[in-house]
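Listed below, chain by chain, are the residues.
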Amino acid sequence: MTQFNELFPGWRPKVERCSEIITPAQVNRLAATLDEPALDYGEGDRLPPLWHWIFAIKPVPHSGLGEDGHPRRGGFLPPVTLPRRLFAGMKTDFLHSLAIGLEAERESEVIDITKKSGASGDLLFVRLRNSIRQQGNLCVVDEQEIVYRDKGEPVVLPDVKPFAEPVANSWTKELIVDAEMLFRFSAVTFNSHRIHYDRTYAATGEGYPALVVHAPLVAMLLLQLLRKNSEKHIRRFEYRALAPLFDGQPVRLSAAAEGVDTISMQAQRSDGEIAARANCVMFG
């Protein structure tokens, strides 16, 4: 861990708080974005795991955005000068189910900053903790890791190849995430990072060959696959992004039991590379 004042003199982490009623209308918009078969979530229903990401988001005025579409650095997040921002991973504990129709309160803070050097240059890892409460109960503890890095060389679009036969006794789903899904997900999560909807900026600003699929979207799609095939409740979900996914390219999602209550999951690109790995602990 690097002390905050060593890297960013004068900047100190702040606690950010925001609250919002979990409305059925907003939940059903996310359900439509994820192509759920039924759009009939109502008050009193349980909010599916990870869907808390669309609520209690601190609004930033348009004038407060940087060139990449994210809020300018130096406020809640540190004044990082490295240009490229990536969602590296997360760990979420589900302590109690969030109920649709009730207010949820989010408390967010930066809890760690670590500087590393790799083959691609300097890397800065920023770890956030989000705590979500409802009716005084701590329901979700969500730790996310963001990595900042140099722009580096332009990224090459993966080759499209047939997927190998799926692993026996696994659940799988193949899909193509298109620009429409990315746009809707950006809208419902109030995420204005331009790599997800601005093809020109993605190419010239950050060196991507196509629109980049949101890592949180991949995480939600993995849990959607799991919820479709298991009625057990999710206690903990851990996710690690390994390689970018792009719009218009095939993706295979898969999940397989590792034990009685443990599920391993992954998202695989069309060139065979694993784009994300995840583990889930279940109960009930």
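Since we're looking at a predicted model, the values are computed, not measured.

### Points about the environment of Glu105
And then number 1: Tracing the chain through its elements places Glu105 in strand β3 (residues 103-118).
And then number 2: In this structure the C-alpha to C-alpha distance between Glu105 and Pro13, which are 92 residues apart in sequence, comes to 19 Å.
And then number 3: In contact with Glu105, other than residues within four places in its own chain, are Cys18, Ser19, Ser131, Ile132 and Arg133.

### Remarks on the packing of aromatic side chains
And then number 1: Using the criterion set out here, one finds 6 aromatic pairs in the structure.
And then number 2: On the basis of an interplanar angle of 55° and a centroid distance of 6.2 Å, the ring pair of Tyr208 and Phe246 is categorised as tilted. Linking Tyr208 in the loop between α4 (199-206) and α5 (215-229) with Phe246 in the loop between β7 (233-241) and β8 (250-257), this pair joins segments that are 38 residues apart in sequence.
And then number 3: According to the relative accessible area criterion, Tyr208 is buried, its value standing at 5%.
And then number 4: Look at Phe246 and you get buried, because its relative accessible area is 2%.
And then number 5: A network of ring pairs unites the aromatic residues Trp53, Phe87, Phe237 and Tyr239 as a single cluster.
And then number 6: For the cation-ring pair, Arg84 lies above Tyr208, with the distance from its terminal atom to the ring centre recorded as 4.7 Å.
And then number 7: Positioned above the aromatic ring of Phe125, the side-chain terminus of Lys116 is 5.0 Å from the ring centre.

### Let's talk about empty space enclosed by the protein
And then number 1: For the structure on display, the rule yields 1 cavity of 30 Å³ or more.
And then number 2: Its volume calculated, the largest cavity comes out at about 30 Å³.
And then number 3: If one sorts the elements of the lining of the largest cavity by residue count, β3 sits on top with 3 residues.
And then number 4: Partitioning the lining of the largest cavity into residue classes produces 5 nonpolar, 1 polar and 2 charged.

### Some points on the confidence of the model for the chain
And then number 1: Scored by pLDDT, the chain comes out at a mean of 94, with 99% of its residues at no less than 70.
And then number 2: Between the elements of the chain, mean pLDDT differs from a low of 79, seen in helix α1 (residues 4-7), to a high of 98, seen in helix α3 (residues 179-188).

### A look at helix α2 (residues 24-33)
And then number 1: Buried residues of α2: Gln26, Val27, Asn28, Leu30, Ala31 and Thr33, and no others.
And then number 2: Contact partners of the buried residues in α2: α3 and α5.

### Some details on the layout of surface pockets
And then number 1: In this structure, the second largest pocket occupies an estimated 450 Å³ of space.
And then number 2: Lining the second largest pocket are 22 residues; nearest its centre among them are Arg46, Leu47, Pro49, Ser97 and His233.
And then number 3: Breaking the lining of the second largest pocket down by element, the ones donating at least two residues are β7 and β10 (274-283).
And then number 4: Counted by class, the lining of the second largest pocket contains 12 nonpolar, 5 polar and 5 charged residues.

### Notes on the environment of Pro83
And then number 1: Position of Pro83 among the secondary structure elements: in the loop between α2 and β2 (84-94).
And then number 2: In this structure Pro83 comes out as partly exposed when scored by relative accessible area, which is 40%.
And then number 3: In the structure, Pro83 is positioned 67 residues away from Asp150 in sequence and 5.8 Å away in space, judged by C-alpha atoms.
And then number 4: Residues in contact with Pro83, not counting those within four places in the same chain, are Arg73, Arg149, Asp150 and Lys151.

### Section: unusual backbone geometry
And then number 1: Here Asp35, not a glycine, exhibits a phi torsion of approximately 60°, which is positive.
And then number 2: Structurally, Asp35 is set in the loop between α2 and β2.
And then number 3: Overall, Asp35 belongs to the exposed group, its relative accessible area being 62%.
And then number 4: Phi at Leu50 is positive, roughly 80°, even though this residue is not glycine.
And then number 5: Inspection of the secondary structure assignment puts Leu50 in the loop between α2 and β2.

### Brief notes about the sheet that holds strand β4 (residues 121-134)
And then number 1: Within the open sheet, the 10 strands sit side by side as β1-β3-β4-β5-β2-β7-β10-β9-β8-β6. Their pairing is antiparallel. The two strands at the open ends of the sheet, each matched to only one other strand, are β1 (16-21) and β6 (170-176). With direction set aside, neighbouring strand axes in the sheet form an average angle of 20°.
And then number 2: In this structure, β7 lies alongside β10, joined through 8 bridges in antiparallel fashion. Bridge pairing in β10 links Ala241 to Ala276.
And then number 3: Of the strands in this sheet, β2, β6, β7, β8, β9 (262-268) and β10 touch α5, which is tilted by about 145° from β7.

The rules behind these values
- Residues numbered from 1 in each chain as written.
- Predicted model: local features only at pLDDT ≥ 70, side-chain atom pairs only at ≥ 80, totals over all residues.
- Heavy atoms only, no water.
- Helix = DSSP H or I, 4+ residues; strand = E, 2+ residues; numbered from the N terminus.
- Contact = heavy atoms within 4.5 Å.
- Phe/Tyr/Trp six-rings, centres within 6.5 Å; stacked < 30°, edge-to-face > 60°.
- Buried < 20%, exposed > 50% of the residue type's maximum accessible area, 1.4 Å probe, protein only.
- Lys NZ or Arg CZ within 6 Å of the ring centre and 35° of its normal.
- 1 Å grid on protein atoms, 1.4 Å probe; cavity = no way out; pocket = protein on both sides within 12 Å on 5 of 7 lines; lining within 4 Å.
- Points joined across faces, edges and corners; volume = space filled by probe spheres on them.
- Nonpolar A, V, L, I, M, F, W, Y, C, P; charged D, E, K, R; others polar.
- pLDDT = per-residue confidence, 0-100.
- Pairing = 2+ DSSP bridges.
- Axes fitted to C-alpha atoms, helices over the stretch in contact; angles between N-to-C directions.

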